[in-house]
There are 2 protein chains.
Amino acid sequence: MANEWATFGADLHLEPHGPGLREGLMNALRDAVRSGRLAAGTRLPSSRSLAVDLGVARNTVADAYAELVAEGWLTARQGSGTRVARRSEPRTAPGQGRPPGRAAAVRSVAAPPPGKPTYNLSPGTPDLASFPRSEWLKASRKALLAAPDEAFGYGDPRGRIELRTVLAEYLARARGVYARPERIVLCAGFVHGLMLMGQVLRARGVRDVAVESYGLDVHWDLLARSGLRMPALPFDERGTCTQELGSGSDGLGAVGAVLMTPAHQFPTGGALQPDRRAAAVDWARSAGGLILEDDYDGEFRYDRQPVGALQGLDPERVVYLGTASKSLAPGLRIAWMVLPEQLVDEVAAAKGGVDWMSSAPDQLTFAEFLGSGAYDRHVRAMRLRYRRRRDQLVAAVAARSPETRISGIAAGLHAVLELPEGSEESVLRAAAFQGLALLGVNRFRHPTVPRTRDALVVGYGTPSDSAWAGALEALCRVLP
Amino acid sequence: MANEWATFGADLHLEPHGPGLREGLMNALRDAVRSGRLAAGTRLPSSRSLAVDLGVARNTVADAYAELVAEGWLTARQGSGTRVARRSEPRTAPGQGRPPGRAAAVRSVAAPPPGKPTYNLSPGTPDLASFPRSEWLKASRKALLAAPDEAFGYGDPRGRIELRTVLAEYLARARGVYARPERIVLCAGFVHGLMLMGQVLRARGVRDVAVESYGLDVHWDLLARSGLRMPALPFDERGTCTQELGSGSDGLGAVGAVLMTPAHQFPTGGALQPDRRAAAVDWARSAGGLILEDDYDGEFRYDRQPVGALQGLDPERVVYLGTASKSLAPGLRIAWMVLPEQLVDEVAAAKGGVDWMSSAPDQLTFAEFLGSGAYDRHVRAMRLRYRRRRDQLVAAVAARSPETRISGIAAGLHAVLELPEGSEESVLRAAAFQGLALLGVNRFRHPTVPRTRDALVVGYGTPSDSAWAGALEALCRVLP
């Protein structure tokens, strides 16, 4: 056995020292799978023997394996060891000649109560008081004084090359994204990117885009504006049922794409399970479909390293969409798409042949901010801060409302608090009465999905530090 | 006669001293006409008697009258004196129940020659080397450090109130626009604004939007994407024939809106004549139509004060679109719409209920830049610089190609050089061969408009100071 793997470590071309060892090993394994050097089904050496082979700690290998299992690259089963996951082969281009499916009318969900509340625990907005103004201004100064004159003119529809270059490096490192600058198209926020994808999919003849059972109506409305229909994928205790893609039930047989939040389902808060990640990619390959991966807050994970992006599993089948709206601020309107090669020109054309939307000074500033390491520092600092708040939330709920089950706490800026059946509306009313802005999980339920639970979606990232204690106290007062 | 006007000066509530006297008088007269205090057809006092009445120099009054005639508020005819222009009364809401007109297929015009030219005299881009980086950074610093936290969140679809407030003041003062902050909607450039207007018009049932004989195909394509058709208004030596609006010829009978560049026709360079301004407003009122006023470079006028915006003539019938792309830089993606009251909510809804596109830091920076006077200083400095270049262009053409007639030189960043019949393409080829990027007027001709002239559209604002002499020399070499 040791012999079988004698060259394995050497084949990975790995530098076995330094702080990035685990990530280096993960990247090397991803590359080996992607390139076919490690075929599907191949059994990997045990973490112990590979650790010996590489001369590294066993935990480093075990952690890397565990991450890659979570991301869907590998599978691990008791008694069968760790193997390269099986993938189906691609078939046709997405959405070509596909029959239309059943229409999914998009519900217009009621807005939160009017008037300015005292406290805000609505999900979706980071702590705006923590925006690093001085660091941002410093980056802006450096970037603008160094920029070539042409940067102030009409720009490349893909966005500034300075930003695409540093983003490619960052996304590969931090999110396991297979990114190259020429495959990145910058956009003025996730909504702009989704708008462009809606246009491109519709132009390709796609009629149906599957969405998750819980999500944002503003995204569904946007796709509907492009003339798309949005059947919902079922949802169970293990998350979105991607194995139902192409199953023919509920209009899912004809979908040309699926919009998902694999790293951290919004709003229910779980990570898509490895087999479900695999099922999504398998469907995309066999049906010629596309996965739109909404990685809105992938940087914020508390129990271990972030789950890598689904995109790495098949960069030709997954459109990766990331944003600075949660990690920095929504007011920046900075987001990015990493596209399958075949889509780059279509998306650039949909943008209009010129960058009509995104500010060049902001792109250059963000490039400097990212390239200088200020972004990593900011994300690390915010991760600690949000984690502390999450811990305080969990402790307060346990103390004040011990019956309340809390979930979705491993990542992101919000948690889900289960409520007794039928009590969601009354709790929300009580919160509004207290001046606390709060949303229930049914606010995010797809119109065709039956109501099965009552819960609060608590955005603990939203308040400023000074408002946090008061917001938490107001929340505890309305819990059953 | 003197008695008849005894209270006229007093009625204007005018402060008869200080540097803004001419503008104050113009604003007072506009207000009096708009409010009905000065009825259509009313004969105004002579400039001499009003000057005596107000205790100001006669030239001040004469200049104000001349400006208001140019803007279409007043008419002046030999022997009949200066009178308030006659306007028709509004009829119905725009585009309601209007039959569709003839389709105008939008031509895809060939792009300029590939490869990076040595010199660039293409119109449409200001001198990017003159972007005031330090002043901009200074404004950015001040604005970002002072901004409330919520500025970094998801914003009002109309844009930041700080910017709308200073813009309203600026547009009234500098462009004669009837602007209030609540009627302004900010957008990420003119193209974004036009995209929104296309959506709104189409949703209102408009099928046809008249455009000028010469213009930008990128704008026509954009309207076509919204499902609109674009019949062209005829063009003669006095400019765009707005009197043909609603005439029933060439699909013009059914138009619900017209897109125009009244202050400085792009690219032919003239200002719309007073009677043609009046005809456009009369049509809009009687037909219930809308005028989309593209005021792309209204600040740059060299022979006298800028011609005021058409919008002031009827703020309920004109959508005013302005931009920082020519006065500052296209890379900023900052533009604004001043809307008829009835359209504000529709345009905000078309933006998506949240400001999904425009960067809040840039909006705040521009508000500070404008409010501090830095914008006025920059525009004044650029006006002098562009004027000097224009003078050098005129002198060089006169010396090197005395047969070449030059027009459109009173304003803006480009001039039109007439060429002998049939020679436009060969001159453009010669320019490309010399490494000089240059465009002909037929590049901008609407697809249904017959070819009647050969000319170059020379963007003298485009080169940096260091490239200007070489660009001018290259141009002279290719002139007949």
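Now for a quick tour of the structure. (Residues numbered from 1 in each chain as written. Chains lettered and ligands numbered in written order. Predicted model: local features only at pLDDT ≥ 70, side-chain atom pairs only at ≥ 80, totals over all residues. Heavy atoms only, no water.)

With an omega dihedral of 5°, the bond running from A:Phe266 to A:Pro267 counts as a cis peptide bond. Checked against the element boundaries, A:Pro267 lands in the loop between strand 8 (257-260) and helix 9 (274-287). (Helix = DSSP H or I, 4+ residues; strand = E, 2+ residues; numbered from the N terminus.)

Further remarks concern empty space enclosed by the protein. The full count for this structure, using the stated rule, is ten cavities of 30 Å³ or more. Of the voids in this model, the largest cavity is the one considered here, and its volume is about 180 Å³. Lining the largest cavity are 25 residues, with A:Met357, A:Ser359, A:Asp362, B:Met357 and B:Ser359 sitting closest to its centre. Of all elements in the fold, only strand 4 (184-187) and helix 11 (360-371) of chain A together with strand 4 (184-187) and helix 11 (360-371) of chain B reach the threshold of two or more residues within the lining of the largest cavity. A class-by-class count of the residues in the lining of the largest cavity yields 15 nonpolar, six polar and four charged. (1 Å grid on protein atoms, 1.4 Å probe; cavity = no way out; pocket = protein on both sides within 12 Å on 5 of 7 lines; lining within 4 Å. Points joined across faces, edges and corners; volume = space filled by probe spheres on them. Nonpolar A, V, L, I, M, F, W, Y, C, P; charged D, E, K, R; others polar.)

The subject of this paragraph is the side chain of B:Arg183. Residue and element names in this part refer to chain B. By the element assignment, Arg183 lies in the loop between helix 6 (161-175) and strand 4. Overall, Arg183 belongs to the buried group, its relative accessible area being 3%. Beyond its immediate sequence surroundings of up to four residues, Arg183 is in contact with Tyr178, Pro315, Glu316, Met337, Val338, Leu339, Pro340, Glu341 and Val344. (Buried < 20%, exposed > 50% of the residue type's maximum accessible area, 1.4 Å probe, protein only. Contact = heavy atoms within 4.5 Å.)

Once chain B has been moved 0.0 Å along the axis and rotated by 180°, it coincides with chain A to within an RMSD of 0.0 Å. In the structure described here, the two chain copies are related by an operation that fits a two-fold rotation axis. Scanning chain B for the C-alpha nearest the rotation axis identifies B:Met357, at a separation of 3.3 Å. Interface overlap between copies is the fraction of interface residues in one copy that are interface residues in the other; for chain B against chain A it reaches 100%, indicating a shared surface. (Least-squares fit on C-alpha atoms with pLDDT ≥ 70 in both.)

With 47 residues of chain B at the interface, the matching set in chain A holds 47 residues. Looking only at chain B, the three residues that lose the most surface to chain A are B:Arg133, B:Phe152 and B:Met357, adding up to 20% of its buried area. Between the two partners, chain B and chain A, sit two salt bridges. For the salt bridge of B:Asp149 with A:Arg133, the shortest nitrogen-to-oxygen distance reads 2.8 Å. Joining chain B to chain A, the criterion identifies 20 residue pairs in polar contact (both at pLDDT 80 or more). Those elements giving two or more residues to the side of chain B that touches chain A turn out to be helix 5 (133-146), helix 7 (190-203), helix 8 (217-225), helix 10 (344-351) and helix 11 of chain B. (Buried area = accessible area lost by both parts, 1.4 Å probe. Salt bridge = Lys/Arg side-chain N within 4 Å of Asp/Glu carboxyl O. Polar contact = N/O pair within 3.5 Å; in protein donor to acceptor, adjacent residues only side chain to side chain.)

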